Each structure stands twice: as structure tokens, then as C-alpha cells.
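Each chain, written out:
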Amino acid sequence: REDTLAIIQHMHNGCFEAGVGYADVLESSWQADSLQCQRRCQSFGERCDHFAFHSLGQSCQLSGPGAARSYIVGVVSGPRSCPVLV
């Protein structure tokens, strides 16, 4: 599946982080995976700076600029956009 390969690539290049979440949640919604959660963050524009995808329950939480980081088991997070790899 194309999304699964993209998620693995983002984890490998350091764009996505395992075990990191963010405080000050703007929105929480259900998403199928971390890539869809990132896409949801992108739809918020500059209001969303980071996303955190909780695999248990498939919860996607979006946070704005300046949100504090925290360490949470079972979470994959990242920025609104990852750098394009060539």
C-alpha cells in the first residue's frame, strides 16, 4: 500500500517520530493512519503545526505552533509537512 510505504519513509528520514505527542489540542478526529492525520493537519493551514496519531483508537490530534511535546507510547507524530525527498 502506497500510504504504508510513505509512512515508513517518513519514519526513516526522521520526519515522523514514534512516542511523541503534543499538548494544546486544536482538534481530535478519527483517521485511518498517521499519513491521513498529517493530511488533516495540512487542511488546517498554519493553525496546525503538528499532528499526533494514536494507533489505539486511531485518534488524530492536531496542535498549533508552540505546543509542548510529551512522550506517549503508541503515538506517531510529525509536522504539517515533511520535506520532499529526491
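Here, every reference points to the structure presented above.
Residues numbered from 1 in each chain as written. Predicted model: local features only at pLDDT ≥ 70, side-chain atom pairs only at ≥ 80, totals over all residues. Heavy atoms only, no water.

Draft legend 1. Region of interest: the state of the cysteines. Applying the stated criterion across every chain, the model contains three disulfides. In this model Cys15 forms its disulfide with Cys82; the gap between the sulfur atoms is 1.9 Å. On the sign convention where negative is left-handed, the bridge of Cys15 and Cys82, at about -90° about the S-S bond, is left-handed. With a gap of 67 residues between them, Cys15 in the loop between α1 (2-12) and β1 (17-22) and Cys82 in the segment after β5 (69-79) connect regions that are remote in the sequence. An identical accessibility class is assigned to Cys15 and Cys82; each is buried. (Disulfide = S-S within 2.5 Å. Helix = DSSP H or I, 4+ residues; strand = E, 2+ residues; numbered from the N terminus. Buried < 20%, exposed > 50% of the residue type's maximum accessible area, 1.4 Å probe, protein only.)

Draft legend 2. Expanded view of the nonpolar core. The biggest cluster of nonpolar side chains holds 12 residues, and these are Cys15, Phe16, Leu35, Cys37, Cys41, Phe44, Cys48, Phe51, Phe53, Cys60, Leu62 and Cys82. Counting only elements with at least two residues in this core, the list comes to α2 (34-43), β3 (50-54) and β4 (59-63). Here this core takes three residues from α2, the largest share from any one element. (Core = buried A, V, L, I, M, F, W, Y, C linked by side-chain atoms within 4.5 Å.)

That is the geometry; function is a separate question.
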